[in-house]
Amino acid sequence: MRTKRLLAALATLGMLTATAACDGGSDEPADPEATASTASLSDQVGDHESGPDSPIGYGMRVPRGATQLGPLVRYRSDALVAAYQADLDAAVAQKKAEDEAALQEELEDGETPPTPTPTPTNRPSDDTYDLLEEQPKPDVTISAMRIDGEPSDVVHRMLGQIATVLPDNEIDAENLGAYCPVQAGRYTGCHLAERGLTGGGRDVSITLDVAVGSLQTRTGFPASDGDPVMVLQIAYAGDPREGQEGKDTDGIGDMPDADATAPVTEAVWPKMDLAAPTDSPLLGGTWTLPEDATLLLTSDRPSFAMVQMPKFSDADDLARSWASGAGEPVTNTIEELNEITTTYTGRTIDGSRAFGAYVATGRGAYAFLMRQAAPAQR
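Residues numbered from 1 in each chain as written. Predicted model: local features only at pLDDT ≥ 70, side-chain atom pairs only at ≥ 80, totals over all residues. Heavy atoms only, no water.

Digging into the overall build of the chain
- Check the secondary structure of the chain and you find 5 helices and 19 strands.
- Classification of the 378 residues of the chain by burial places 48% in the buried group.
- Carbon and sulfur atoms form 50% of the exposed surface of the chain, whose accessible area is close to 18,100 Å². (Helix = DSSP H or I, 4+ residues; strand = E, 2+ residues; numbered from the N terminus. Buried < 20%, exposed > 50% of the residue type's maximum accessible area, 1.4 Å probe, protein only. Areas by Shrake-Rupley, 256 points an atom, 1.4 Å probe, with all protein chains shown as cover.)

This is the structure in structure tokens:
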């Protein structure tokens, strides 16, 4: 299976071999229960950061003055999954028929069919669409960022990139107040939700949120260093099959100056005295961080938590359990060149939509947990 080949390749590179520092760099495939972190990938959040100019999608990059925490979360939308369901069902039926025919032939020849080798339940699954000749590419991307620099400049740069991707949407990056409300002379956060066509004619939905924490207690979000938290979500919104064609950067012009600064205004960003402790209730007060987990970033707008776990299996279990509050979640696995993502979509006990993603990468094992609104109809 392709997943086994990918894990073996990563292990050969020393990415998934947790004991490499102790055993002289053995290139044996990693034990599924081995830890996802080495001595240098401990609880240091800095080891899980992606700096400015790191690519996100559609030509957009992490703006200067911001840092992405954890990996990009890339997954297949409900609409994309539905569009390929018939293809998958047909491929599964064909594989079943072929397996049954092969078994019958062995029985007729008097051969004893081999006993199947149990598949470890704690290793990443094969791509959900592994039986198809071409697997549909993920059409949704989420980047969770901490704003380390001047917030106005960072938001201005992000808005400028979005305006470049959606040139006909009249997004005014110079007018921060149109997206970032001001109360008593202080910005209270930002929100932008736009759907439009790229220069290449791709139908795209982009959402940008910036949250500052509690203005009343002057407390930032856990793991935020007291800085604002910014989340960018990009989703292809057109016909799912058409979205698989071409490149997302087709027809998109050059991005604006990476060091652009926002116009000076009288409004200021609130200064937080401290960040809330990482053992605070998260995700709407319904969830707390496991003892062996490292919280990389969280926010309440949108409500999410990016977590690094010491074991791959633990990250998978965490993502699944979050989405299993009200029954078995819908599962989808994406196998890309250097990482594997398994997503779980379900409902929490209180009825809200719960999304969990387990991302296995060369840098470690991550769980991304999020409360989501129901997807819009296309």
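Thoughts on the pairing of strand β4 (residues 66–69)
- Neither face of β4 is left uncovered, since the one carrying Ala66 and Gln68 and the one carrying Thr67 and Leu69 both have all their residues buried.
- Direction of pairing for strand β1 (residues 49–50) relative to β4: antiparallel, over a ladder of 2 bridges. Counted as the bridge partner of Glu49 is Leu69 from β4.
- Judged from the 3 bridges that link them, β4 and strand β6 (residues 140–147) form a sheet pairing that is antiparallel. The residue bridging Thr67 from the neighbouring strand is Arg146, located in β6. (Pairing = 2+ DSSP bridges.)

A word on the nonpolar core
- The biggest cluster of nonpolar side chains holds 36 residues, and the ones touching the most others in it are Met60, Val155, Ile162, Ile206, Met230 and Leu232.
- For this core, the secondary-structure elements that each account for two or more residues are β6, α4 (151–165), β9 (190–197), β10 (203–211) and β12 (229–236).
- Residues in contact with Ile162, not counting those within four places in the same chain, are Met60, Ile171, Leu192, Ile206, Leu208 and Leu232.
- Counting 22 residues, the second-largest nonpolar core is a separate cluster that includes Leu283, Val307, Ala315 and Tyr344. (Core = buried A, V, L, I, M, F, W, Y, C linked by side-chain atoms within 4.5 Å. Contact = heavy atoms within 4.5 Å.)

Regarding the state of the cysteines
- Inspection of every chain in the model, using the stated rule, returns 1 disulfide.
- Note that Cys180 is cross-linked by a disulfide to Cys190, the S-S spacing being 2.0 Å. Its S-S torsion of about 105° marks the bond between Cys180 and Cys190 as right-handed, since a negative value means left-handed. Of this pair, Cys180 sits in the loop between α4 and β7 (182–183) while Cys190 sits in strand β9, and the two are 10 residues apart along the sequence. (Disulfide = S-S within 2.5 Å.)

Considerations on helix α5 (residues 312–322)
- Where α5 is concerned, the buried positions are Phe312, Ser313, Ala315, Asp316, Leu318, Ala319 and Trp322.
- Where α5 is buried, its residues contact β15 (303–309), β17 (339–347), β18 (353–361) and β19 (364–372).

Here's the deal with the packing of aromatic side chains
- This model, assessed by the stated rule, comprises 4 aromatic pairs.
- Taking the centre distance of 4.4 Å and the plane angle of 40° together, the rings of Tyr75 and Phe355 count as tilted. Here Tyr75, found in strand β5 (residues 73–75), pairs with Phe355, found in strand β18; they are 280 residues apart in sequence, far enough to count as distant.
- Arg241 extends its terminal NZ or CZ atom over the ring of Tyr84, reaching a point 4.3 Å from the ring centre. (Phe/Tyr/Trp six-rings, centres within 6.5 Å; stacked < 30°, edge-to-face > 60°. Lys NZ or Arg CZ within 6 Å of the ring centre and 35° of its normal.)

Quick look at unusual backbone geometry
- Cis geometry marks the peptide bond from Arg301 to Pro302, where omega comes out at -5°.
- Inspection of the secondary structure puts Pro302 in the loop between β14 (294–300) and β15.
- Backbone geometry at Arg218 places phi at a positive 55°, although glycine is not the residue there.
- Along the chain, Arg218 turns up in the loop between β10 and β11 (219–220).

Let's talk about the sheet that holds β18
- Here we have 6 strands laid out as an open sheet, ordered β14-β15-β19-β18-β17-β16, and antiparallel in their pairing. Two strands lie at the open edges of the sheet, namely β14 and β16 (330–335), each paired on one side alone. Ignoring which end each strand starts from, the neighbouring axes of this sheet average 10° apart.
- Here β16 pairs with β17 via 6 bridges, running antiparallel. Its bridge partner lying in β17, Glu335 is registered against Ile340.
- The sheet strands contacting α5 are β15, β16, β17, β18 and β19, and the helix crosses β19 at an angle near 5°. (Axes fitted to C-alpha atoms, helices over the stretch in contact; angles between N-to-C directions.)

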